[in-house]
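If you want the building blocks of each chain, they are given just below.
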Amino acid sequence: MKRGSFSAIASVAYKEFLHIYRDRRVLILLLILPPVFTLVFGHAFEAGEMKNETFQWRVEPATVTGEWDLLGHAVQAALIIPQGWNDGLANGDPIPLRLYLDGSDTNTADMLEGSVQKTLGDFQLSERQVMVDALPEDVFELAKKLPVQVRKQFVSMMEPWKTEGKILYNPKTRFIDYVVPGVIGLILQLITVTLMACTLAREREAGTLYQLMVTSLRRREIVIGKILPYLAISVVLIVGIIFLTSWHFQVQFHDPGALAVICLLFLLCSLGMGLLISAISRTQTQAIQFSVFFLLPVFVLSGAFAPLEQLPKAIRYVSELFPLTHFCRAFRLVNLYRATPQYYAEDLVLLAVGVLITFLGAMILLKRVEQ
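Residues numbered from 1 in each chain as written. Predicted model: local features only at pLDDT ≥ 70, side-chain atom pairs only at ≥ 80, totals over all residues. Heavy atoms only, no water.

(A) Spotlight on the packing of aromatic side chains. Enumeration over the complete set of coordinates arrives at seven aromatic pairs. With a centroid separation of 6.3 Å and 70° between ring planes, the pair formed by Phe294 and Phe322 is classed as edge-to-face. With Phe294 in helix H12 (residues 284-301) and Phe322 in the loop between helix H13 (313-319) and helix H14 (323-335), the pair connects residues that are 28 residues apart, well separated along the chain. Summarising the aromatic geometry, the rings of Phe299 and Phe305 are spaced 5.4 Å apart at their centres and angled 55° between planes, so their arrangement reads as tilted. Phe299 sits in the partly exposed class, given a relative accessible area of 42%. By the ring-pair criterion, three or more aromatic residues cluster together here, those being Phe253, Phe266, Phe327 and Phe331. Sitting over the ring of Tyr178, Arg332 keeps its end group 3.9 Å from the ring centre. (Phe/Tyr/Trp six-rings, centres within 6.5 Å; stacked < 30°, edge-to-face > 60°. Helix = DSSP H or I, 4+ residues; strand = E, 2+ residues; numbered from the N terminus. Buried < 20%, exposed > 50% of the residue type's maximum accessible area, 1.4 Å probe, protein only. Lys NZ or Arg CZ within 6 Å of the ring centre and 35° of its normal.)

Structure below.
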């Protein structure tokens, strides 16, 4: 760019900075909401982690009815031991236990069922050991007459099979480490898209957009000048959010260079989307409405808080259109998997394409104002 272009961009950026500084509502939005949302979202997902204290057993009297009414009994699961269960064990014909689970939260239901199965397995193993210890000496004498290999096979089948598990990528299995990219991306996109969407619409409402367009400023200078203040503020915000999550939630961040590139492309793409919305909006109200229509599906379909694999295949194709999808995927590949660029290069390319499309689209739409 020529020196005159830098001067033109700086003048537009300075004008936008002044507007942000003078608008107390925008300052409050930028200074208060990001840290508050970070703490609220972070604690919400931190509290969602499963604790070791899975059960609080409560034995109900035999007169209690409505065993399936979990809500009425204020429990999430109920294990029913039917009459004659002990007799069934003694006769070699065990009666199945009934387990009622609250399926409103599918994750909790699956965890509870697995924990119940483990508890029953541990109980069965301990009872089997009691039976073995109570066997008469004659049984053990007979067992000694069996071939050694057969006895070893019996021992192997009587002992529970064990696994030596090692959790990779997220050893502490903290859900907060998984959703941090979603928290960061959603807060930034909420602020950048909404504020950026109101810039040109505000100028159009005030009648200054046409005056701006008839000056010697080029469209790209106007676009870049409008973007720069919000980009600078967003960079400060993202640094603050990362510092807050690192200090308050002990989330570790790795490879800051790669994370910086991912965040920069995501910010540019979000700002470009906001500028594109602003270019097609006649009023600030319209701009906010368009922003909401864009952000609502992003919240659900971007994979920010749940794996994309849980979505139907057709919807997963739609999710690839959202910048937040690629931001979260690339951020996790770097921060959790310590992946090399070959694994997230495609996401970076798609974010860069998004930046190009939104910026070019905004400049083309600005041409309508001149005509």
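(B) Main features of the confidence of the model for the protein. Per-residue pLDDT for the protein has a mean of 80; in total, 87% of the residues score no lower than 70. Highest mean pLDDT in the protein belongs to H14 (94); lowest belongs to helix H9 (residues 209-213) (67). In this model, residues 48-52 is a region of pLDDT below 50 whose contacts with residues beyond four sequence positions or in other chains number five contacts. (pLDDT = per-residue confidence, 0-100. Contact = heavy atoms within 4.5 Å.)

(C) Spatial organisation of the environment of Thr199. Take Thr199: it is sitting in helix H8 (residues 175-206). Relative accessible area serves as the criterion here: at 0%, Thr199 is assigned to the buried category. Residues Thr199 and Thr283, 84 residues apart in the sequence, show an inter-C-alpha distance of 10.0 Å. Beyond its immediate sequence surroundings of up to four residues, Thr199 is in contact with Glu16, Lys226, Tyr230, Leu275 and Ser278.

(D) Structural detail: empty space enclosed by the protein. Counted under the stated rule, the structure contains one cavity of 30 Å³ or more. Every residue lining the largest cavity is listed: Thr38, Gly42, Ile176, Val180, Val183, Thr245 and Phe249. Elements with a contribution of two residues or more to the lining of the largest cavity: helix H2 (24-47) and H8. Examining the composition of the lining of the largest cavity, we find that three residues originate from one element, H8, more than from any other. Residues of the lining of the largest cavity, tallied by class, amount to four nonpolar, three polar and no charged. (1 Å grid on protein atoms, 1.4 Å probe; cavity = no way out; pocket = protein on both sides within 12 Å on 5 of 7 lines; lining within 4 Å. Points joined across faces, edges and corners; volume = space filled by probe spheres on them. Nonpolar A, V, L, I, M, F, W, Y, C, P; charged D, E, K, R; others polar.)

(E) Highlighting the packing of H8 against helix H10 (residues 219-248). Between H8 and H10, whose axes approach to 11 Å, the crossing angle comes to 160°. Taken together, the axis directions place H8 and H10 in an arrangement best described as roughly antiparallel. When you trace H8 past H10, the crossing you get is right-handed. Contacts between H8 and H10 involve Ile184, Ile187, Leu188, Ile191, Thr192, Leu195, Met196, Thr199, Leu200, Arg202 and Glu203 from the former and Lys226, Ile227, Tyr230, Ser234, Leu237, Ile238, Ile241 and Ile242 from the latter. Residue composition of the contact of H8 with H10, by class: 13 nonpolar, three polar and three charged. (Axes fitted to C-alpha atoms, helices over the stretch in contact; angles between N-to-C directions. Parallel < 35°, antiparallel > 145°, perpendicular 65-115°, else oblique. Left-handed = near helix turned anticlockwise from the far one by under 90°.)

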